[in-house]
Amino acid sequence: MSRKYYITTPIYYVNDKPHIGHAYTTVAADVLARWHRHRGDEVFFLTGTDEHGAKVAESAVEAGQEPQEFVNEVAKLFRIAWKNLNIKYDNFIRTTSPEHHRAVGVFINKLKASNSIYEDKYEGLYCVGCEKFITEKELVEGKCPVHNKKPKKIKEKNYFFKLTDYIEQVKELIVSGKMKILPEERKKEVLGLFEQGMEDFSVSREKVKWGIPLPFDKKQNIYVWVEALQNYISGIGYGEPSEKFSKWWPADCHIMAKDILKFHAIYWPALLLAVGEPLPKEQFIHGFFTIDGKKMSKSLGNVINPNDLVNQYGSDATRYLLLSQFPFGQDGDVKKSLFDEKYNSDLANGLGNLVSRTANLMEKNDVGIDTAQQPISNDKVDIINKQIEHYRFDEALKGIYGIISQANKYLDEQAPWKHTPDDKEKTTIVLQNVSDWIKTIAELIYPFMPITSRRISQQFAGPSVKKEDGLFPRLSDK
Ligand code: MSP
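Now for a description of the structure that goes with this document. Computed from a predicted model, the values in this text were never measured in an experiment. (Residues numbered from 1 in each chain as written. Predicted model: local features only at pLDDT ≥ 70, side-chain atom pairs only at ≥ 80, totals over all residues. Heavy atoms only, no water.)

## Focus on helix α3 (residues 67-84)
In step 1: Taking 1.5 Å per residue, 18 residues should reach 26 Å; α3 reaches 26 Å between its end C-alpha atoms and fits that length.
In step 2: Listing the buried residues of α3 in full gives F70, V71, V74, A75, F78, A81 and W82. Down the axis of α3, the buried side of the element spans an arc of 125°, and every buried residue falls inside it. Exposed residues pointing more than 90 degrees away from the buried face of α3 are listed as K76 and K83.
In step 3: Among the structural elements, β2 (12-13), α1 (20-38), β3 (42-50), α2 (54-63), β4 (91-94) and α11 (306-313) are those in contact with the buried residues of α3.
In step 4: N86 sits one or two positions beyond α3 and adopts a positive phi of about 60°. (Helix = DSSP H or I, 4+ residues; strand = E, 2+ residues; numbered from the N terminus. Expected span 1.5 Å × (residues − 1). Buried < 20%, exposed > 50% of the residue type's maximum accessible area, 1.4 Å probe, protein only. Arc of directions from axis to C-beta. Contact = heavy atoms within 4.5 Å.)

Now the structure itself:
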């Protein structure tokens, strides 16, 4: 049955250009969006950029640019990276856009009207890198453990959100599974956060000048996280006089990594409850990865630019390589050396070789596709589809690779290249069997490798199959 499916990625900070951490989440969301579209669901896929706040403003100063000019440039880099990776989003929301501005105004006024905002003083610590208030307890040797920097001491007037009024309700919704937090370990992690106790949080900042003013006190700007979370509704027309918002909200899935779990699993639902909007149905929190065992960072010089991967391997292979390295829900290590190895084994020697030698043999022996034959459907295909639907991308890709290997093995065993003209009937059967598998593989890889999928489907469509350029040239041949 077809249904609507609304999926989002986090909106990425534009303090720096995109890296493969951002690409990892965005490719995963694109795979799900494509998988749902392909099975007939009506899909809305939202991504975008988080452009306000102290961190971005500081980066603009370092770059010697006006903030707006700076964010325009970096936001463009994200769009380019997503184009190179063949990401098919339905909207790219920027928090400096008028539609976001308008929606945030409507939301904040509703929040005020719900009596869940009050004025107070904030005195404490703030980590600009995390864009969050931080407690003494969280510090390691006086520094933020994530950014290894001393937080700023702040004393200012803030408006606060009465999180404590909604906390029991949020907890109950998570415990009961009405709002799913996946995988199970992350649900446990969130429930653990409730045990540590939770305080009201600021919705505005007095001293951060790069942001959206609070409608009822223009001397304050809305706290960047509160504003950023609203991209999930501003990106689908919240506050506009149209049906668009009610058509898509609530989100079917928010995808992110564990670094921003608390904001999404606790703060965001509480804000939505306060204004009376339904909560996202599901949130999937994937793992964080390191590069060759080390945290990815500018100072270590090990940051991987997704465009470099696309230049080297092409967009489809890059998508495959990113999602096949380790299970999506777990932390993992990305090994640069594995990229070449896996490209050659799975794609060049695996899929590429299967397709090229089958097409060659079909052309040579004048064997075409039996168009009356339905594509193969069996348990393996069903299992792989279930795995994709449930975020088990690496398992799905392993399953697909299994089918590729099986088809290659069958071809080796049957060795149709050894057949004589008298074996024509046998040759036809063997090659049509393999081409059936190839068509099934083309279907299954579609969400991961859309270009390759289409090329194969077109090549293996009619009464005559022609050989074409190789799909994945071996790296040494390039
Ligand atoms: N702007 C906020 C999000 C606001 S959403 C309402 C933000 N931006 S971010 O640029 O820091 O992006 C964080 C996200 O990027 C992570 O949650 C994850 O999706 C992705 N990743 C960044 N580095 C990553 C890794 N090293 N590994 C896996 N994912 C990574 O937080």
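Next comes the rest of the account.
## Quick word on the site of the ligand
In step 1: What surrounds the ligand is a group of 23 residues, the closest being I11, T25, D50, A257 and D259.
In step 2: Relative to its unbound accessible surface of 670 Å², the ligand loses 94% to contact with the protein.
In step 3: Residue assignment for the shell around the ligand shows that the elements contributing at least two residues are β2, α1, α7 (224-229) and α8 (231-234). (Near = heavy atom within 4 Å. Areas by Shrake-Rupley, 256 points an atom, 1.4 Å probe, with all protein chains shown as cover.)

## Thoughts on the packing of aromatic side chains
In step 1: What the rule picks out here adds up to 35 aromatic pairs.
In step 2: Between F201 and Y267 the ring centres are 4.0 Å apart and the planes differ by 15°, which places this aromatic pair in the stacked class. Residue F201 is located in strand β9 (residues 201-202), and its partner Y267 is located in helix α10 (residues 261-275); the two are separated by 66 residues in the primary sequence. Summarising the burial analysis for this pair, F201 and Y267 share the class buried.
In step 3: For the pair W225 and F263, a centre-to-centre distance of 3.9 Å together with 5° between the ring planes defines the contact as stacked. With a gap of 38 residues between them, W225 in helix α7 and F263 in helix α10 connect regions that are remote in the sequence. Grouping residues by exposure puts W225 and F263 together as buried.
In step 4: An aromatic cluster of at least three residues, connected via ring pairs, comprises Y6, F44, F107, Y232, Y238, F245, W248, W249 and W268.
In step 5: For the cation-ring pair, K112 lies above F216, with the distance from its terminal atom to the ring centre recorded as 4.8 Å.
In step 6: Directly above the ring of Y126 sits R205, whose terminal nitrogen or CZ lies 4.4 Å from the centroid. (Phe/Tyr/Trp six-rings, centres within 6.5 Å; stacked < 30°, edge-to-face > 60°. Lys NZ or Arg CZ within 6 Å of the ring centre and 35° of its normal.)

## Side note on the sheet that holds strand β11 (residues 213-214)
In step 1: The strand order across the open sheet formed by 3 strands is β10-β12-β11, and the pairing between neighbours is antiparallel. The open sheet is flanked by β10 (204-205) and β11, the only strands paired with a single partner.
In step 2: With 2 bridges connecting them, β10 and strand β12 (residues 217-222) associate as antiparallel partners. Within β12, the position partnered with S204 by the bridge is I222. (Pairing = 2+ DSSP bridges.)

## Brief notes about helix α13 (residues 336-364)
In step 1: Helix length check: α13, at 29 residues, gives a terminal C-alpha distance of 39 Å against a target of 42 Å (1.5 Å per residue), a fit within 8%.
In step 2: At N353, α13 shows its strongest bend, of approximately 40°.
In step 3: Positioned one or two residues after α13, D366 has a phi angle of 55°, which is positive. (Bend = angle between axes of the 7 residues up to and from the residue.)

## Digging into the sheet that holds strand β5 (residues 117-127)
In step 1: Taken in spatial order, the 4 strands of this open sheet run β6-β5-β7-β9, and their pairing is antiparallel. Two strands bound the open sheet, and with one partner strand each, they are β6 (132-134) and β9.
In step 2: Here strand β7 (residues 152-161) pairs with β9 via 2 bridges, running antiparallel. Residue pairing across strands places F160 opposite S202, the latter belonging to β9.

## Here's the deal with the nonpolar core
In step 1: Within the largest apolar cluster, 87 residues are counted, with the highest numbers of intra-cluster contacts made by L323 and F448.
In step 2: With sequence-adjacent residues up to four places away left out, L323 is seen in contact with Y24, V27, A28, V31, F328, F393, D394, L397 and F448.
In step 3: With 69 residues, the next largest nonpolar core counts A103, I167, Y267 and I285 among its residues. (Core = buried A, V, L, I, M, F, W, Y, C linked by side-chain atoms within 4.5 Å.)

## With respect to the pattern of salt bridges
In step 1: Throughout the structure, instances matching the rule amount to 23 salt bridges.
In step 2: A salt bridge links R37 to D90; its shortest N-O distance comes to 3.6 Å. In this pair, R37 sits in helix α1 while D90 sits in the loop between α3 and β4, placing the two residues 53 residues apart along the sequence.
In step 3: Under the relative-accessibility criterion, D90 is labelled partly exposed at 38%.
In step 4: Two residues, E189 and R186, come together in a salt bridge whose shortest N-O distance is 2.6 Å. Here the residue E189 and the residue R186 both occupy positions in helix α6 (residues 184-195), the gap between them amounting to 3 residues, near one helical turn.
In step 5: Salt bridges sharing common partners tie together K4, D252 and K281. (Salt bridge = Lys/Arg side-chain N within 4 Å of Asp/Glu carboxyl O.)

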